[in-house]
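# Structural description and commentary
Letter by letter, the chains look like this.
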Amino acid sequence: MIQAKRHLPILTASDPVSPVHPLGRRAKVLLTSVFGPYAQDDEYGSRRLNPMELYQNQVTRTQGPFSLRMFHRSWGLMLIQANIEASCVVLDFPVLDRFVQELQENQYDVIGITSIIPNLVKVKKMCELIRRYQPQATIVVGGHIANVSDLAERIDADHCVKGEGVRWFRRFLGEDENRPIRHPMIKSGYGTRTAGITVSEGPGDVAATVIPSVGCPLGCNFCSTSAMFGGKGKFVDFYATGDELFHVMCQMEKEMHSCSFFIMDENFLLHQRRARRLLELMREHDKSWAIHVFSSANVLNKYTMDELLGLGISWVWMGLEGKDSQYTKLHGIDVHKLIRDLQANGIRVLGSTIIGLENHTPENINEAIDYAAGFATDFHQFMLYTPIPGTPLHAELTAKGLMKDESEYELGEIHGQLIFNYRHPNIPAGMEGDFMIRAFDRDFEVNGPSTVRIVRTTLAGWLRHKNHPEPRIRRRYAWEARELGTTFAALVGAAARYYKHNPVMRDKIRSLQADLIAEFGWKARFYATVGGWYVFRKIRAEQRRLAAGWTYEPPTFYERNEHCTDRPELPECRWCEPMTPPVAPETAPDSPTPRTRAAAPDETVAALP
């Protein structure tokens, strides 16, 4: 039996000496996220303002019935489960009673918990329950919460692990840490809902998630992801070459019937050699995939529009940070023009703006918000400038004595949407939450519902490229435009009704409706009229439902890997097998998989701030 160890250092996968469980790969492992419910105020740190929904939380927060609602699985747990040889069960989004039931009914040797910092109280409670019901189990805690330097003193865990978890767990279980990575079959989202309607999630309807690497070499001072995986200039590769990545995407296409992919990489296009090799393979094999990426503006500028179209880039999440910000990834670039060019080619843009930068004051905050709304991106994320433990910003403000004591706030409220965890030099405490609402409201007021903005950009791409000389690009635009004359026309028709008392927004939406009818004829007119009335009623019903206090919670997932032979009744996770034979030496670095490395000069020169 492994005894609980207090005050252990934070561990990483790159530590030269790592602990090893005595049972090795014979150990039975449970991996779990923190317990719900999530979208409510409770004693464990849950906050109604911080649901388990990325878009509702920090992108479409004040768009009411038009808000895009969806859940995302705990992808890190799925990746670890697919890549260890021990019996492993994943329990994702349990409620507290369900977590206790699992501890009472099934014995485990290792229990891993993933969490973000606002859920620290939940992690502490889960550790206490594990000690009560399964005192023999080794407790491993990881995720962004491991950025807390004294985490091991706050919770009763055996190991607190920072950074990449696959290699750490392989070491811990006595396995070969350098085996190639198997990629789980991951839907990018589920339970998608907007305008009071739940969206179809049949085969091929939802993008598949691909995770080529973790970490961000740009290393912005506020970025907890960069800090978690080594800081500026560092990242961990799972698939270092375009060949490996293409192989995984082909398997997902076959098994999941997916032709769209969400690339979960903090700056995918930064790795130009890999991206351009993927482009070569897509052309060679006639793949008309749609790809969604994160990218900084300076990296996007390194590609021609023909290259972006050839890669199938159809959605970009871009950091805009704020007017006159210190971040050089935006310097020397006409970002407004870049966004207009992307949207004119049908590439949807999600812009991200920081509220509470060093130069923000109550007097200039409206100017900063108007500047952000002026980008007219399809979606816009707003986040408070928040120093997360482990980041350079946190260290800087700590040295200046500006960090608040934890007795001055609740951990569950420090999630970038409500309050500062430090003393801003210009913004009095308590004003920041109002500034956030003001930002979301202003963007919504000026630009309208994000889902309607998507229709406008998608139509622009279709009109521009429906006759593109390359057939595979024509096919992609046809696939993305497949619902413009039907479902999207109905949404636009409903939005026109919704805004009938707002002349500016009504006229803007009716102009879009006229463009749809001009392109798709009687079908778009029918759907905008009849379908629009139906969707409008759904919008009003959703509006009443939300006003009555309704919140959305994710379902619980319970899955096993193929080594879990004692409970064959559990659903089994699926994954992509690595490339065989191995990638040729001239295209793959001679380094272990996953590969922890600094960015190569050709990848980051002129990109790092």
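A short tour of the structure in this document, coming up. (Residues numbered from 1 in each chain as written. Predicted model: local features only at pLDDT ≥ 70, side-chain atom pairs only at ≥ 80, totals over all residues. Heavy atoms only, no water.)

### A short note on the overall build of the protein chain
Check the secondary structure of the protein chain and you find 21 helices and 21 strands. Over its C-alpha trace the protein chain gives a radius of gyration of 24 Å, about what one expects of a compact globule, namely 25 Å for 609 residues. On the principal axes, the C-alpha backbone points of the protein chain span a range of 70 × 60 × 50 Å. The contacts in the protein chain between residues at least 6 apart in sequence include a share of 77% that link residues at least 24 apart. Accessible surface for the protein chain amounts to roughly 24,000 Å². Of this, 54% is attributable to carbon and sulfur atoms. In the protein chain, 71 side chains carry a positive charge and 72 a negative one; their mean positions are 5 Å apart. (Helix = DSSP H or I, 4+ residues; strand = E, 2+ residues; numbered from the N terminus. Rg over C-alpha atoms; globule rule 2.2 N^0.38 Å. Contact = heavy atoms within 4.5 Å. Areas by Shrake-Rupley, 256 points an atom, 1.4 Å probe, with all protein chains shown as cover. Lys, Arg positive; Asp, Glu negative; His and termini not counted. Charge placed at Lys NZ, Arg CZ, Asp CG, Glu CD.)

### With respect to the pattern of salt bridges
Close approach of charged atoms allows side chains of opposite charge to pair. Applying the stated rule across the entire model yields 39 salt bridges. Between Asp566 and Lys28 there is a salt bridge, with the nearest N and O atoms lying 3.6 Å from each other. Remark: Lys28 occurs in strand 2 (residues 28-33) and Asp566 occurs in the loop between strand 19 (557-560) and strand 20 (575-576); sequence separation between them is 538 residues. Residue Lys28 is classed as partly exposed on the basis of its relative accessible area, which comes to 34%. A salt bridge links Glu253 to Lys287, with the shortest nitrogen-to-oxygen separation between them at 2.7 Å. A residue pair is termed long-range when its members are at least 10 positions apart, and Glu253 in helix 8 (residues 242-256) and Lys287 in the loop between helix 9 (272-284) and strand 15 (290-294) qualify at 34 residues. (Salt bridge = Lys/Arg side-chain N within 4 Å of Asp/Glu carboxyl O. Buried < 20%, exposed > 50% of the residue type's maximum accessible area, 1.4 Å probe, protein only.)

### Some remarks on a nonpolar patch on the surface
Taken together, the side chains of Trp522, Phe526, Tyr527 and Val530 present a nonpolar region at the surface, about 470 Å² in accessible area. Inspection of the secondary structure assignment puts Trp522 in helix 20 (residues 522-547). A relative accessible area of 69% places Trp522 in the exposed class. (Patch = residues over 30% accessible without salt bridge, like charges linked within 9 Å, V, L, I, M, F, W, Y side chains within 5 Å.)

### Focus on the packing of helix 16 (residues 450-465) against helix 17 (residues 471-480)
Remark: helix 16 packs on helix 17, axes separated minimally by 9 Å, with the N-to-C direction vectors making an angle of 145 degrees. The chirality of how helix 16 crosses helix 17 is left-handed. The segment helix 16 lies against helix 17, with Thr458, Gly461, Trp462 and His465 engaging Arg474, Tyr477, Ala478 and Glu480. Of the residues belonging to the contact of helix 16 with helix 17, the class tally is three nonpolar, three polar and two charged. (Axes fitted to C-alpha atoms, helices over the stretch in contact; angles between N-to-C directions. Left-handed = near helix turned anticlockwise from the far one by under 90°. Nonpolar A, V, L, I, M, F, W, Y, C, P; charged D, E, K, R; others polar.)

### A look at helix 17
Every buried residue belonging to helix 17 is among Arg472, Ile473, Arg476, Tyr477 and Glu480, and all of these are buried. Looking straight down helix 17, one finds its buried side chains confined to an arc of 140 degrees; they lie on one side. (Arc of directions from axis to C-beta.)

### Topic: the pairing of strand 14 (residues 260-263)
A regular strand carries its side chains on alternate faces of the sheet. Side chains Ser260 and Phe262 project from strand 14 onto one buried face, and the interleaved Phe261 and Ile263 project onto a second face that is buried too. Both strand 11 (residues 208-210) and strand 14 contribute to a ladder of three bridges, which runs parallel. When the bridges of strand 14 are listed, Thr209 appears paired with Phe262. For the segment spanning strand 14, helix 9 and strand 15, crossover handedness is right-handed. (Pairing = 2+ DSSP bridges. Right-handed = clockwise from strand over helix to strand, strands pointing away.)

### Digging into the environment of Ile355
You can see Ile355 is positioned in strand 17 (residues 348-355). For the pair Ile355 and Ala439, spaced 84 residues apart in sequence, the C-alpha to C-alpha distance is 8.3 Å. Once residues lying within four places of it in the same chain are set aside, the contact partners of Ile355 are His360, Ile365, Ile369, Phe382, Met383, Leu384, Tyr385, Phe420, Phe435, Met436 and Ala439.

### A few points about the sheet that holds strand 2
As summarised here, the arrangement of the seven strands in space is 1-7-6-5-2-4-19, forming an open sheet in which the pairing is mixed. The sheet is open, and its two borders are formed by strand 1 (11-12) and strand 19, each paired with just one other strand. Judged from the two bridges that link them, strand 6 (residues 138-142) and strand 7 (residues 159-162) form a sheet pairing that is parallel. In the strand pairing of strand 7, Val141 is matched with Cys160. In this fold helix 6 (residues 165-172) packs onto strand 1, strand 2, strand 5 (110-114), strand 6 and strand 7, with an angle of close to 165 degrees to the strand it touches most, strand 6.

### Quick notes on the packing of helix 8 against helix 9
A pair of packed helices can be characterised by two numbers: the angle between their axes and the separation between those axes. At their nearest, the axes of helix 8 and helix 9 sit 8 Å apart, and the two run at 50 degrees to each other. In terms of axis orientation, helix 8 runs oblique to helix 9. Handedness of the crossing formed by helix 8 with helix 9: right-handed. Here Gly242, Asp243, Leu245, Phe246 and Met249 of helix 8 lie close against helix 9, whose contacting residues are Arg274, Arg277, Leu278, Leu281 and Met282. (Parallel < 35°, antiparallel > 145°, perpendicular 65-115°, else oblique.)

### Considering the nonpolar core
In terms of nonpolar packing, the biggest core is built from 83 residues, with Phe169, Leu269 and Met318 touching the most fellow members. Beyond its immediate sequence surroundings of up to four residues, Phe169 is in contact with Val29, Leu31, Ile80, Ile84, Val110 and Val140. (Core = buried A, V, L, I, M, F, W, Y, C linked by side-chain atoms within 4.5 Å.)

### A short note on the packing of aromatic side chains
A complete count under the given rule lists 25 aromatic pairs for this structure. Between Tyr498 and Tyr499, the aromatic rings sit 5.1 Å apart at their centres with planes inclined by 75 degrees, giving edge-to-face as the arrangement. One aromatic cluster in this structure is built from Trp75, Phe262, Phe294, Trp315 and Trp317. Lying over the aromatic face of Phe557, Arg73 brings its terminal NZ or CZ to 4.1 Å of the ring centre. The ring of Tyr558 carries the charged tip of Arg98 above its face, separated from the ring centre by 4.7 Å. (Phe/Tyr/Trp six-rings, centres within 6.5 Å; stacked < 30°, edge-to-face > 60°. Lys NZ or Arg CZ within 6 Å of the ring centre and 35° of its normal.)

### With respect to helix 8
Along its 15 residues, helix 8 runs 20 Å from first to last C-alpha, staying within 8% of the 21 Å computed at 1.5 Å per residue. Of the residues making up helix 8, those classed as buried are Gly242, Asp243, Glu244, Leu245, Phe246, Val248, Met249, Met252 and Met256. Looking one or two residues past helix 8, His257 carries a phi angle of roughly 55 degrees, positive in sign. (Expected span 1.5 Å × (residues − 1).)

### Some remarks on the sheet that holds strand 9 (residues 190-194)
With respect to topology, three strands assemble into an open sheet ordered 3-9-10, the strand pairing being antiparallel. The two strands at the open ends of the sheet, each matched to only one other strand, are strand 3 (69-71) and strand 10 (197-198). Summarising the sheet, strand 9 and strand 10 pair through two bridges and their orientation is antiparallel. Note that in strand 10 the partner of Arg193 across the bridge is Thr198.

So yeah, pure geometry; function would need other evidence.
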